[in-house]
Amino acid sequence: MIKLSRVNKQYPNGYQALTDVSFDVADGEMALVLGPSGAGKSTLFKLITRIEKPTSGQIIVQDQNLGRMRESKVPFLRREIGVIFQDHKLLLDRSVFDNVALPLIVIGMPGDEIRKRVRAALSKVGLAGREQDLPVALSGGEQQRVGIARAVINRPSILLADEPTGNLDESLSDEIMDIFRDFNRVGVTVLIATHDLRQVERLGCRTINLQQGQIVSAPPREVG
Amino acid sequence: MVTYLTRHLQVMLSALGAMQRNPAISLNTIIIVAVTLLLPLYLYIAVQSGQQLSDSWQGRPQISIFLETEVADREAALIYDEIRLHPAVELAELISPSQAMVEFRALSDLGEQLDLLPDNPLPFSIVAMPHSGHASREHLQRVEQELQKIDGIDAVRLDLAWTDRFNALLALVTQVATVLSALLVVGLIFIIGNTIRLLILNRRAEIEITKLVGATDSFVRRPFLYYGALFGLFGGLLCLALLGATALWLQPFIDQLAASYQGSARLYQLDMADIATIVLIAIAIGWLAARWSVARHLQQIRPN
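S.K.: So, the environment of B:Gln141: which residues are in play, and what are the values?
M.R.: Turning to its location among the elements, B:Gln141 is positioned in helix α6 (residues 137-148). As a C-alpha pair, B:Gln141 and B:Ile63 span 78 residues in sequence and 10.0 Å in three-dimensional space.

S.K.: An account of the sheet that holds strand β1 (residues 63-67) of chain B is requested, with residue identities and associated values reported.
M.R.: Residues and elements named next belong to chain B. Spatially, β2-β3-β1-β4 is the arrangement adopted by the four strands of the open sheet, whose pairing is antiparallel. Single-partner strands in this sheet number two, and they are β2 (89-95) and β4 (153-157). Between one strand and the next, the sheet's axes are offset by a mean angle of 20 degrees, whatever the strand orientation. Of the pairings in the sheet, the one linking β1 to β4 comprises four bridges and is antiparallel in character. By the bridge assignment for β4, Phe66 is matched with Ala155. Its contacts with the sheet put helix α3 (residues 73-84) on β1, β2, β3 (125-130) and β4, and the angle it makes with β2 is roughly 165 degrees.

S.K.: Requested: an account of the side chain of A:Asn8, with residues and values cited.
M.R.: All names here are of chain A. With respect to the helices, strands and loops of the structure, Asn8 is situated in strand β1 (residues 2-10). Relative accessible area serves as the criterion here: at 19%, Asn8 is assigned to the buried category. For Asn8, the side chain forms a polar contact with the main-chain nitrogen of Asp20, separated by 2.9 Å.

S.K.: Give a detailed account of the packing of aromatic side chains, specifying residues and quantitative values.
M.R.: Residue and element names in this part refer to chain B. Taken as a whole and judged by the stated rule, the model has five aromatic pairs over all chains. Between Tyr44 and Tyr268, the ring centres sit 6.0 Å apart and the planes meet at 85 degrees, which makes this aromatic pair edge-to-face. Taken as a pair, Tyr44 in helix α2 (residues 23-58) and Tyr268 in the loop between α9 (217-260) and α10 (272-297) lie far apart in primary sequence, 224 residues in all. With 5.1 Å between their ring centres and 70 degrees between their planes, Phe190 and Trp292 make a pair best called edge-to-face. Highlighted residues: Phe190 in helix α7 (residues 161-202) and Trp292 in helix α10, separated in sequence by 102 residues.

S.K.: A description of the packing of helix α5 (residues 140-152) of chain A against helix α6 (residues 170-185) of chain A should follow, citing residues and the corresponding values.
M.R.: Residues and elements named next belong to chain A. At a closest axis distance of 10 Å, the pairing of α5 and α6 adopts a crossing angle of 10 degrees. If you check the angle between α5 and α6, you find them roughly parallel. Contacts between α5 and α6 involve Gly141, Gln144, Arg145, Ile148 and Val152 on the former and, on the latter, Leu172, Glu175, Ile176, Ile179, Phe180 and Phe183. Along the lines of polarity and charge, the residues of the contact of α5 with α6 split into seven nonpolar, two polar and two charged.

S.K.: Can you break down the side chain of B:Ser49 residue by residue, with the values?
M.R.: Residue and element names in this part refer to chain B. One can find Ser49 in helix α2. Among the polar contacts made by the side chain of Ser49, one reaches the main-chain carbonyl oxygen of Ile45 at a distance of 2.7 Å. For Ser49, the side chain forms a polar contact with the main-chain nitrogen of Tyr268, separated by 2.8 Å. Not counting residues up to four positions away in its chain, the partners in contact with Ser49 are Arg266, Leu267 and Tyr268.

S.K.: Quick one: what's the story with the environment of A:Lys3, residue by residue and with numbers?
M.R.: When you line up the elements, A:Lys3 lands in strand β1. Each C-alpha atom, one on A:Lys3 and one on A:Val61, is 6.5 Å from the other, the two residues being 58 residues apart in sequence.

S.K.: An account of unusual backbone geometry is requested, with residue identities and associated values reported.
M.R.: Backbone geometry follows two general trends: most residues other than glycine have a negative phi, and most peptide bonds adopt the trans configuration. Residue and element names in this part refer to chain A. The backbone of Arg50 sits at a positive phi, close to 60 degrees, despite the residue not being glycine. Of note, Arg50 is situated in the loop between α1 (41-48) and β4 (56-61). Judged by its relative accessible area of 4%, Arg50 falls in the buried class. At Gln62, a residue that is not glycine, the phi angle is positive and equals roughly 50 degrees.

S.K.: An account of the packing of helix α1 (residues 2-21) of chain B against α9(B) is needed here, citing residue identities and associated values.
M.R.: All names here are of chain B. At a minimum axis separation of 9 Å, α1 and α9 run at an interaxial angle of 65 degrees. Like other packed secondary-structure pairs, α1 and α9 cross with a definite hand, here right-handed. Residues His8, Val11, Met12, Ala15, Leu16, Ala18 and Met19 of α1 pack against Arg222, Pro223, Tyr226, Tyr227, Leu230, Phe231 and Phe234 of α9. Here the contact of α1 with α9 is built from residues that sort into twelve nonpolar, one polar and one charged.

S.K.: Residue-level account of the sheet that holds strand β2 (residues 16-25) of chain A, with values.
M.R.: All names here are of chain A. What the four strands build is an open sheet, ordered β2-β1-β4-β5; its pairing is antiparallel. At either end of the open sheet lies a strand with only one pairing partner, and these are β2 and β5 (64-65). Relative to β2, β1 runs antiparallel, the two sharing six bridges. Of the residues in β2, the one forming a bridge with Lys9 is Leu18.

Calculation notes
One numbering rule holds for all chains: residues counted from 1, following each sequence as written. For naming, the first written chain is A and the first written ligand is 1, with later ones following in the order written. Given that the model is predicted, a residue must reach a pLDDT of at least 70 before its local features are reported, and side-chain atom pairs must reach 80 or more before they are shown or counted; all residues, however, enter totals for whole chains, interfaces and linings. The side-chain quantities take in all heavy atoms of the structure and omit both hydrogens and water. Numbering of helices and strands runs from the N terminus, with a helix taken as a DSSP run of H or I at least four residues long and a strand as a DSSP run of E at least two residues long. In short, DSSP must find at least two bridges between two strands for them to pair. All axes are obtained by fitting lines to C-alpha atoms, using only the stretch in contact for helices, and the reported angles, taken between N-to-C directions, cover 0 to 180 degrees. Only heavy atoms matter for contacts: two residues are in contact if any of them lie within 4.5 Å across the pair. Classification of residues uses two cut-offs on accessible area relative to the type maximum, computed with a 1.4 Å probe and protein chains only: under 20% is buried, over 50% is exposed, and between them is partly exposed. Each polar contact in these results corresponds to two N or O atoms within 3.5 Å; when the atoms are within protein, one needs to be able to donate a hydrogen and the other to accept it, and residues that are neighboring in sequence are counted only if both atoms are side-chain atoms. Note on ring pairs: Phe, Tyr and Trp rings are taken, using the six-membered ring of Trp, and paired if centres are within 6.5 Å. Classes follow the plane angle, with under 30 degrees stacked, over 60 edge-to-face and the rest tilted. Oblique is the label for every angle not falling under 35 degrees (roughly parallel), over 145 degrees (roughly antiparallel), or within 65 to 115 degrees (roughly perpendicular). In this count, Pro and Cys sit with the nonpolar residues alongside Ala, Val, Leu, Ile, Met, Phe, Trp and Tyr, while Asp, Glu, Lys and Arg are called charged and the others, Gly among them, polar. Crossings are assigned a handedness: left-handed for a near helix turned anticlockwise from the far helix by less than a right angle, right-handed for a clockwise turn.

Function cannot be read off these values alone, since they describe shape.
And the structure:
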C-alpha cells in the first residue's frame, strides 16, 4: 500500500513541487497519476522511492513510514519497488542481460538463478533472445521493455512508471501499458504517471489528477 | 558464503577490467604509487644497511691496549696473560712491536721514512675482545678503567665515539625517513583518492541506477575499494621491481667504495617478510585512499 497524507515538497531553490497532497493506492491496485509536465508527478515518485524527503507530511509505503526510515534501510525499500522511467535509465555500455540482471546482482543472487530469471523476464516483455544486445541496438520501445524487465525482475510488490510511454507511438504505448496491466493482474500494485488521456479510457483504472503540485481530483478507491 | 566470495571475485575482476579499459589513468597512478613508495624505501634500506654495518662493529667491540715502551717481552707476556684471564675478556691477542711495525708499514706509505728510524718506536700492544655480555658501553668503560690500572699499561683505547656518531646519524636518518614516509603516505592517499574520484565520476550514471534498484552503500563502494587496493598492489610490486633494479645497479659502486676501505659491504637485502610488508602497506594505503575518496564523493551521487 502507498499512502500519502498532507505531503508538501519544497526544493532547496524554493520551488514548491507538491502542496498538501493526500491519496492512497491499495495493494494490488492500478492507478494513473495524470497531469501536465511540471505538475509534480516525478517529485511524487521520488518521494515514494525516498530519493527525496517531503518537507512535511507523511508517506507510508508497504507499512513503512518513509519519514522515519533510516538511510541504511532505504535500499531495502527500493528492492520492493520497481521503477520505470521515460528515459529508461539503462547502462548503455552493458548488455541487455547485464541491465536486467542488475537488481539481482545487487541482492547477491546466485548466477544460475539470475540467468533463469533474466530469461523469464525478457520473455515476458517480448525480448527473448536479445540478452547479448547492447541497448543502443534496440528501438525506443524495446529499451522501455528492458527497463520494465529490470523493474520486475526482483518481483517487487509495487511498480512505479514515470511517463513510460512518453516517447512511443500509440501502438507501442498500448503494448507497454498492457504489460503493466498483466503485472497488475498477478497482484502487483501499479502506479503510472502519464499525460496520455487515451490510456485513461483504455485501462479504465482510477486516476489521480495533479495540477501545479496539487491534487485536483482523486476519486476514492473502491473498497471491497 | 561461496556466492559472497564469488561476488567479491567478480567485483575484483571487474575492477581489473575497468583498470585495463582506462590504461592511461591506471598506469599513471601505479607509476606514481611506485615512485612515491621508492623514496622512503631507499631511506629504509640505507638505514638498514647502516645498521648492519654498525651491528658488525658493535658485535665485535675491540679494546686496544698499548704497553709502556720500556716493557720487555717477558713482562709483556705476563700482562697479556693477566688481560686474557680477565673475566670480561673473551679473546686477546698480543702484538709485538715488530708485528705492529709490519702492519703499520703495510697500511701507511711511509716505508722509506720508517727505514730511517734507528730502532722500532712502537710498543707491545694487546687487542682484546670482551664477552658479548660485556659489550655494552657501560661495561666496556668499566673494563677500560680496570685495565688502565694494570702496571705496564700506558694507554687503553676504547674508540666508541665514531660508532656513536654513526649511530646518531642513523637515528637522524630514521627520523627523517619516518616523517618523510608519513608525508608521502598522505600525498599518496590524495593522489589515489583523486584517481578514485575520477573513476566515480566516470561511473556516475551506473552508480545512480544501481542505488535506484536497491544497492546498499557497501555494494556501491566495493568496486572502488578494489580499485584502490589494486592500485596499491601493482604500485607496490612495481616499486619492488624498481628497488631490485636499483640495488643491482648500485652494488658495484658500493663494492668499489668498500674496497677502498679494505672492507666489504652489501646493501640490505629485503627478505620475504619485508616484501610482504611493503606490498601489504601499499595495498592498505590504496584501500584507505579509496575509502576516503568514496566516503567524500559517493554520498554526493544520488538517484535522480
